[in-house]
Amino acid sequence: MAGCGRCCLAGLGCLAVFLAVLLYPMSQWPADVNVKTRFSAVIMDQILPKPETNLCTLVAYWHGTNTAAASRMVMDAIGSLVDISYVDTEDLTVGGVPVRLYRPKGVDRSEVLPLLIYMHGGGFVTGTLAVYDAYCAKFSSEGNMAVVSVDYRLGPEHVFPAAFNDSLAVAKAILSDGEVAAYLAINPAQVSVGGDSAGGCLAVSVALYLGRTDLPALRSQVAIYPSVVSIFAARQDVADYEAPGGLSLGSMSLYRGMYLGGLNGSQTLIPQLKPGSPELLPEEIWRNVSLRLEGESDVELILPPAEQYPYAETVLSDALGPMLARDLSKLPPTIVVLAGLDPLYEDGRLCERRLHKAGVEVRVVDYPHQIHGFASAVPSNLTVLGQQVVYGNREALDGVRQAVKFVKEHL
């Protein structure tokens, strides 16, 4: 009976996701599309998947928007179900950028806490504050810390380096503006950064930049399957790590195109381009990239002609490929959380090797049977039709606790 109960709860959790996507927000759905039609469309999407027709495409069609924006609607719908009443939240602006502040419930608003600045994942294109509520709330609660989640601008509406600029602006304001730190009730000498996937790239890039300034040093960083080279790196084994339901080479290509400005967001057929596509850089530059990634800091990355390779300067930037930087020694102690069935797995291992070589403390936590994206699915209470359902991934919770432990050790 207990097993049956668990199955029922799991089924109800899946139903919750379906209902969230289909019914939220009701006011925005066309009146002539009824619930049954919407639900049937989702089932068809699961049973008869087509590369040109998926749930986000359907939402885009019904809402009259692009697939990137539709994906964010889906994520907000799912996020709206999660109960995070065990923390206090506040939406505000820091450094001109929207953020969400999380503080543990019951802690006086004036009590000064350590802070994690978090950049969510989503390929620089999707991902929202709401869908990362569960992760940020759990981190705040488990660590008795404040968390600021950055609502950075996304592609294709805002291309590179918008996401990096926003993330950096938030971090600089927190570290340099005493009024901001006082309002947040955080200690600017106990600030860490973190992020997953694309957000992991942003976290490492921001930490790299801040290490070159006179601002207070970051205490640590949390890099969860960080995309530190794979958005453009020439590597043939990426597809070996793909898993059903996880990140794919095709989706990486789509994200890359939208963030770099090559796709307009209405794209529904994913271009099957390798991350190291020749239209981005000539072959001789790729060879130098490979050497730099191996730690050969003296290798020059000379920019090819801009008229032939318009994205070259972007893809060689520290803000997109922080592991290409000559000097990583100013990065803070780092915990790298990896999923074994993830095209970004080797990015994380590369990050480990390069940080070790640079003399930076690094700890790796590897979950060999997990797929990309698992870490944000921390067990949470979902409210479905007035009922509470626990839904999530136990190893995701362990990942939070490992990261919290590391950050607390370095305060």
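One can find the structure itself at the top, above this paragraph.
The rules behind each value
- Residues numbered from 1 in each chain as written.
- Predicted model: local features only at pLDDT ≥ 70, side-chain atom pairs only at ≥ 80, totals over all residues.
- Heavy atoms only, no water.
- Helix = DSSP H or I, 4+ residues; strand = E, 2+ residues; numbered from the N terminus.
- Buried < 20%, exposed > 50% of the residue type's maximum accessible area, 1.4 Å probe, protein only.
- Contact = heavy atoms within 4.5 Å.
- Areas by Shrake-Rupley, 256 points an atom, 1.4 Å probe, with all protein chains shown as cover.
- Expected span 1.5 Å × (residues − 1).
- Phe/Tyr/Trp six-rings, centres within 6.5 Å; stacked < 30°, edge-to-face > 60°.
- Lys NZ or Arg CZ within 6 Å of the ring centre and 35° of its normal.
- Core = buried A, V, L, I, M, F, W, Y, C linked by side-chain atoms within 4.5 Å.
- Pairing = 2+ DSSP bridges.
- Axes fitted to C-alpha atoms, helices over the stretch in contact; angles between N-to-C directions.
- Parallel < 35°, antiparallel > 145°, perpendicular 65-115°, else oblique.
- Left-handed = near helix turned anticlockwise from the far one by under 90°.
- Nonpolar A, V, L, I, M, F, W, Y, C, P; charged D, E, K, R; others polar.

Chemist: Quick question: what am I supposed to make of the overall build of the protein chain here?
Modeler: From N to C terminus, the protein chain includes 13 helices and 10 strands. Counting the 411 residues in the protein chain, one finds 54% classified as buried. Put simply, 73% of the contacts in the protein chain that link residues at least 6 apart link residues at least 24 apart. Carbon and sulfur atoms make up 54% of the accessible area of the protein chain, which amounts to about 17400 Å² in all.

Chemist: What should I look at first to understand helix H8 (residues 198–210) in this one?
Modeler: In an α-helix, one full turn covers 3.6 residues, which means residues spaced three or four apart are oriented alike. The terminal C-alpha atoms of H8 lie 18 Å apart, and with 13 residues this matches the ideal 18 Å at 1.5 Å per residue to within 8%. Looking at H8, one finds that the buried residues are Ala198, Gly199, Gly200, Cys201, Leu202, Ala203, Val204, Ser205, Val206, Ala207, Leu208 and Leu210. Residues of H8 that are buried in the fold lie against strand S3 (113–119), helix H6 (162–176), strand S5 (186–196) and strand S6 (221–224).

Chemist: Whenever I open this one, the packing of aromatic side chains confuses me. Can you help?
Modeler: Two numbers describe a pair of aromatic rings. These are the distance of the centres and the angle of the planes. In total, this model carries seven aromatic pairs according to the counting rule given. Relative to Tyr132, the ring of Tyr118 lies with its centre 6.2 Å away and its plane at 40 degrees, an arrangement referred to as tilted. Placement of Tyr118 in strand S3 and of Tyr132 in the loop between S3 and helix H5 (133–143) is noted, with a sequence separation of 14 residues between them. The same class applies to Tyr118 and to Tyr132, which are both buried. Ring centres 6.1 Å apart and planes at 55 degrees place the aromatic pair Tyr225 and Phe374 in the tilted group. With Tyr225 in the loop between S6 and helix H9 (249–260) and Phe374 in the loop between strand S8 (362–371) and strand S9 (380–384), the pair connects residues that are 149 residues apart, well separated along the chain. For the pair Tyr225 and Phe374, one class covers both residues: buried. Connected via pairs of aromatic rings, a cluster forms that spans Tyr118, Tyr132, Tyr135 and Phe139. The ring of Tyr183 has Arg109 lying over it, and the distance from NZ or CZ to the ring centre is 5.1 Å. Over the ring of Tyr86 we find Lys138; its NZ or CZ atom is 4.9 Å from the centre of that ring.

Chemist: Help me out: how do you make sense of the nonpolar core in this one?
Modeler: Among soluble globular proteins, nonpolar side chains are generally buried collectively. Core analysis: the largest hydrophobic core is formed by 72 residues, its most contacted members being Ile117, Val170, Ile174, Val289 and Met323. Element by element, the count of residues in this core is highest for H8, at nine residues. Setting aside anything within four residues of it in sequence, one finds Ile117 in contact with Val148, Val150, Val170, Ala171, Ile174, Val191, Ser192, Val193 and Gly194.

Chemist: For this particular structure, what's the right way to read the pairing of strand S2 (residues 97–104)?
Modeler: For a regular strand, side chains alternate in direction, first toward one face of the sheet and then toward the other. Where burial is concerned, most of S2 is hidden: seven out of the eight residues are buried. The pairing of strand S1 (residues 87–94) with S2 spans eight bridges and is antiparallel. Opposite Val87, over in S2, you have Pro104 as the bridge partner. Where S1 folds back onto S2 in an antiparallel hairpin, the turn is made up of two residues, including Gly95, whose phi is positive at roughly 60 degrees.

Chemist: When you look at unusual backbone geometry in this model, what are you seeing that I'm missing?
Modeler: Cis geometry is adopted by the peptide bond preceding Pro156, which originates at Gly155 and carries an omega value of 5 degrees. Relative to the assigned elements, Pro156 resides in the loop between strand S4 (146–150) and H6. Even without being glycine, Phe124 reaches a positive phi, approximately 65 degrees. Phi at Tyr225 takes a positive value of approximately 30 degrees, unusual for a residue other than glycine.

Chemist: Before we go on, may I ask you to explain the packing of H6 against H8 in this structure?
Modeler: How two helices sit against one another is set out by the angle between their axes and by the gap between those axes. Contact geometry for H6 and H8: axes closest at 10 Å, N-to-C directions at 50 degrees. For the element pair H6 / H8, the angle class is oblique. As for the relative orientation of H6 and H8, their crossing is right-handed in sense. Contacts between H6 and H8 pair Ala163, Phe164, Ser167, Leu168, Ala171, Lys172 and Leu175 from the former with Leu202, Ser205, Val206, Tyr209 and Leu210 from the latter. Of the residues contributing to the contact of H6 with H8, the split by class is nine nonpolar, two polar and one charged.

Chemist: Could you clarify how one ought to interpret the sheet that holds S8 in this entry?
Modeler: Hydrogen bonds between backbone atoms are what pair the strands of a sheet, whose relative direction is either parallel or antiparallel. The eight strands lie next to each other as S1-S2-S4-S3-S5-S6-S7-S8, forming an open sheet whose pairing is mixed. On the outer flanks of this sheet lie S1 and S8, each paired with one strand and no other. In this sheet, neighbouring strand axes are inclined to one another by 20 degrees on average, regardless of whether the strands run parallel or antiparallel. Two strands pair when backbone bridges link them, and S2 and S4 are joined in this way by four bridges, in the antiparallel orientation. From the neighbouring strand, Tyr102 faces S4, where its bridge partner is Val147. Contacting strand S7 (334–341) and S8, helix H12 (residues 345–357) crosses the sheet at an angle of about 150 degrees to S7.

Chemist: How should I be thinking about the environment of Leu215 in this particular structure?
Modeler: Its place among the elements puts Leu215 in the loop between H8 and S6. Taking the C-alpha atoms as reference, Leu215 lies 7.8 Å from Lys172; in sequence the two are 43 residues apart. Each residue touching Leu215, except ones within four places of it in the same chain, is listed here: Lys172, Leu175, Ser176 and Leu210.

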